[in-house]
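The chain contents come next:
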Amino acid sequence: MIYSINNPVPVLRKSQELFSKKMKLFDVYAINPVEIARGEGSIVWDNHGNEYLDMYGGHAVISIGHTHPHYVKRITDQLRQIGFYSNSVEIPVQVQLAELLGNVSGKSGFQLFLCNSGAEANENALKLASFYNNRKKVIAFTGAFHGRTSLAVAATHNAKIVAPVNETDNVLFLPFNDTEALTRAFAAYGEEISSVIVEGIQGVGGIKVASYEFLKQIRNLTSQYDAIFIADSVQCGYGRSGAFYSHDLAGIEADIYSMAKGMGNGFPIGGIAISPKIKPWIGMLGTTFGGNHLACAAALAVLEVIEQDKLIEHAANMGTYLMDELNKMDKVLEVRGKGLMIGIDLPEELSTVKKDLLTKNRIFTGEAKPNVIRLLPALNITKAHADCFLEALDERLREF
Ligand SMILES: Cc1ncc(COP(=O)(O)O)c(C=O)c1O
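Not measured: the values here are computed from a predicted model.

(A) Main features of the layout of surface pockets. Roughly 740 Å³ of volume is contained in the second largest pocket. Taken together, 25 residues form the lining of the second largest pocket, with Gln 94, Leu 112, Phe 113, Pro 280 and Leu 285 sitting closest to its centre. Looking at the lining of the second largest pocket, the elements with two or more residues in it are α4 (92-105) and β4 (111-115). Among the elements that line the lining of the second largest pocket, the one with the most residues is β4, at four residues. Across the lining of the second largest pocket, the residue classes tally to 15 nonpolar, eight polar and two charged.

What follows is the structure in structure tokens.
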């Protein structure tokens with residue numbers, strides 16, 4: 001058989017048929033029917049020009065406000081120089097980022113490993129702990145969310161998102177904030193435990209704050225048994241709680257802090273700050289994109305704004321103001337959180353409030369099950385915007 005233009009090989013015909021169909025998105029997100037086209041500070045606009053107040057910060061990601069001029073300039077300037085080169089060469093902007101992060105977070109003696117997301121940060125932290133003490137067991141807690149990569153998802157307390165291939169006997173779940181259960185677990189398996197991973201404030205779990213007593217006991221026991229204390233700061237970190245790392249409010253220091261969301265104000269970047277007691281060796285961890293020039297420029301811009309505009313202090317003050325005002329609203333069951341990571345617990349019959357805030361007041365908020373409104377605004381949210389939210393919520397609650 002001779003193939004020609006008039007008589008092509010069958011396999012070609014088949015692939016042409018496939019290409020003629022349009023590719024669709026893999027449908028995994030529950031989305032609001034809104035297209036956000038533009039943003040500035042804590043305000044975003046849809047494609048029809050309608051204005052929305054962003055009390056959600058694109059899921060705790062927007063730390064210094066949308067399109068902050070210093071952020072835009074720093075990324076643009078970097079892009080004009082070079083956007084990416086691999087980790088096989090010196091990248092001074094990474095060193096600059098490590099130094100500034102050390103200063104702003106109060107962890108100057110720590111070491112920084114850069115990656116691209118929160119799950120990756122936790123995955124690397126868990127792995128590093130295991131390299132350090134040559135053990136396999138991980139303690140995680142009820143309500144925890146640590147990401148969707150293999151071990152991070154195995155340490156996440158949601159069986160629905162753990163695929164059979166991610167299942168492992170190495171993760172032991174204990175009740176969150178239960179100091180006695182933790183002490184018993186260490187008494188039983190202390191020598192086998194590689195790490196304890198805990199959020200300072202559980203985000204997906206419904207804005208539940210880890211008690212200082214609990215965090216102190218994690219520190220005591222991990223030190224006693226030479227296990228690694230991993231402070232998942234992906235959502236509660238980077239100044240959001242009114243401290244750079246919320247765990248440190250308990251007066252302790254973890255061995256590894258994982259971070260991501262607020263770090264790049266939307267530019268994908270994650271990282272782990274690692275105690276000097278963990279020593280690196282060449283090839284121990286690695287990534288193609290982690291720590292690229294553009295991501296580091298974005299993260300530097302964020303830290304510079306946080307430092308210059310004293311945003312950690314501002315987050316603490318605005319958080320206290322919001323929580324005080326929310327506590328005055330009689331239909332609110334409970335207000336939880338710290339700084340600008342706030343959960344508003346509403347009764348079952350008020351389950352439409354979050355949606356109404358979006359459709360009637362054009363305010364974005366986050367949610368957690370069963371009926372918690374999550375506030376995760378930019379750290380530089382103004383009092384006027386906070387008041388605008390409080391008035392809108394009051395209006396919605398009065399409808400019931
Ligand atoms: C506490 C915590 N850890 C880890 C992650 C995973 O981060 P990413 O979605 O960037 O992988 C999240 C995401 O919501 C989180 O809230």
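(B) The arrangement of the pairing of strand β14 (residues 341-345) in detail. Here β14 lies mainly inside the structure; five of its five residues are buried. Residue alternation in β14 divides its side chains into two sets, Met 341, Gly 343 and Asp 345 and Ile 342 and Ile 344, and both sets are buried. Pairing of β14 with strand β17 (residues 372-375), which is carried by four bridges, proceeds in the antiparallel orientation. Note that in β17 the partner of Ile 342 across the bridge is Leu 375.

(C) Representation of the packing of helix α11 (residues 353-361) against helix α12 (residues 383-398) within the structure. At a minimum axis distance of 10 Å, the contact between α11 and α12 shows a crossing angle of 115°. Considering how the two elements wind past one another, α11 and α12 form a crossing that is right-handed. Contacts between α11 and α12 involve Val 353, Asp 356, Leu 357, Lys 360 and Asn 361 from the former and Phe 389, Ala 392, Leu 393, Glu 395, Arg 396 and Leu 397 from the latter. Tallied by class, residues from the contact of α11 with α12 come to six nonpolar, one polar and four charged.

(D) Here's a closer look at the sheet that holds strand β1 (residues 36-40). Sheet architecture is open: four strands sit in the order β1-β2-β3-β15, paired in mixed fashion. The sheet is open, and its two borders are formed by β1 and β15 (363-364), each paired with just one other strand.

(E) Just the site of the ligand, in detail. Near the ligand, the surroundings consist of 13 residues, among which Gly 118, Ala 119, Asp 232, Gln 235 and Lys 261 are the closest. Within the contact set of the ligand, an oxygen atom lies 2.8 Å away from a backbone nitrogen or oxygen of Gly 118. A distance of 2.8 Å separates an oxygen atom of the ligand from a polar atom in the side chain of Gln 235. For the ligand, the accessible surface in isolation is 390 Å², of which the surrounding protein chains cover 82%. Per-element accounting of the shell around the ligand gives the leading share, three residues, to helix α5 (residues 118-133). For the shell around the ligand, the residue count by class is three nonpolar, seven polar and three charged.

(F) Examining unusual backbone geometry more closely. Cis peptide bonds are those with omega within 30 degrees of zero, and the linkage from Lys 369 to Pro 370 qualifies with 0°. Counting through the fold element by element, Pro 370 comes out in the loop between β16 (366-368) and β17. Despite not being glycine, Thr 67 has its phi angle at roughly 45°, a positive value. If you trace the backbone, Thr 67 turns up in the loop between α2 (57-60) and α3 (69-81). Residue Ile 207 is not a glycine yet carries a positive backbone phi of 55°.

Conventions adopted
- Residue indices begin from 1 for each chain and proceed along its sequence in written order.
- Reporting in this predicted model follows two pLDDT cut-offs: at least 70 for local features of residues, and 80 or more for side-chain atom pairs to be given and counted; totals over whole chains, interfaces and linings ignore these cut-offs and use all residues.
- Only hydrogens and water are set aside; all other atoms, that is, all heavy atoms of the structure, feed into the side-chain values.
- Only protein atoms enter the 1 Å grid used here, on which a cavity is any set of points holding a 1.4 Å probe that cannot leave and a pocket is any open set flanked by protein within 12 Å on both sides along at least five of seven lines; residues with an atom within 4 Å of a point are listed as lining.
- Grid points are joined across faces, edges and corners, and a volume is the space filled by probe spheres set on the points.
- Secondary structure elements are taken from DSSP: a helix is a run of H or I of four residues or more, a strand is a run of E of two residues or more, and numbering for both begins at the N terminus.
- When residues are grouped by polarity, Ala, Val, Leu, Ile, Met, Phe, Trp, Tyr, Cys and Pro land in nonpolar, Asp, Glu, Lys and Arg in charged, and all others, Gly among them, in polar.
- The classification of residues rests on relative accessible area computed with a 1.4 Å probe and restricted to protein chains. Under 20% of the type maximum is buried, over 50% is exposed, and intermediate values are partly exposed.
- Should DSSP find at least two bridges between two strands, the strands are regarded as paired.
- Under this scheme, a helix contributes an axis fitted over its contacting stretch, all axes are lines through C-alpha atoms, and angles between N-to-C directions fall in the 0 to 180 degree range.
- Crossing handedness follows the turn of the near helix against the far one: under a right angle anticlockwise gives a left-handed crossing, and clockwise gives a right-handed one.
- In this analysis, two residues are considered to be in contact whenever any of their non-hydrogen atoms come within 4.5 Å of each other.
- What makes a residue near a molecule or strand is one non-hydrogen atom of that residue sitting within 4 Å of it.
- We define a polar contact as two N or O atoms separated by no more than 3.5 Å, with the added condition that, inside protein, one atom must be a possible hydrogen donor and the other a possible acceptor, whereas residues neighbouring each other in sequence contribute only through side-chain atom pairs.
- Residue-level accessible areas treat just the shown protein chains as cover; the underlying method is Shrake-Rupley with a 1.4 Å probe.

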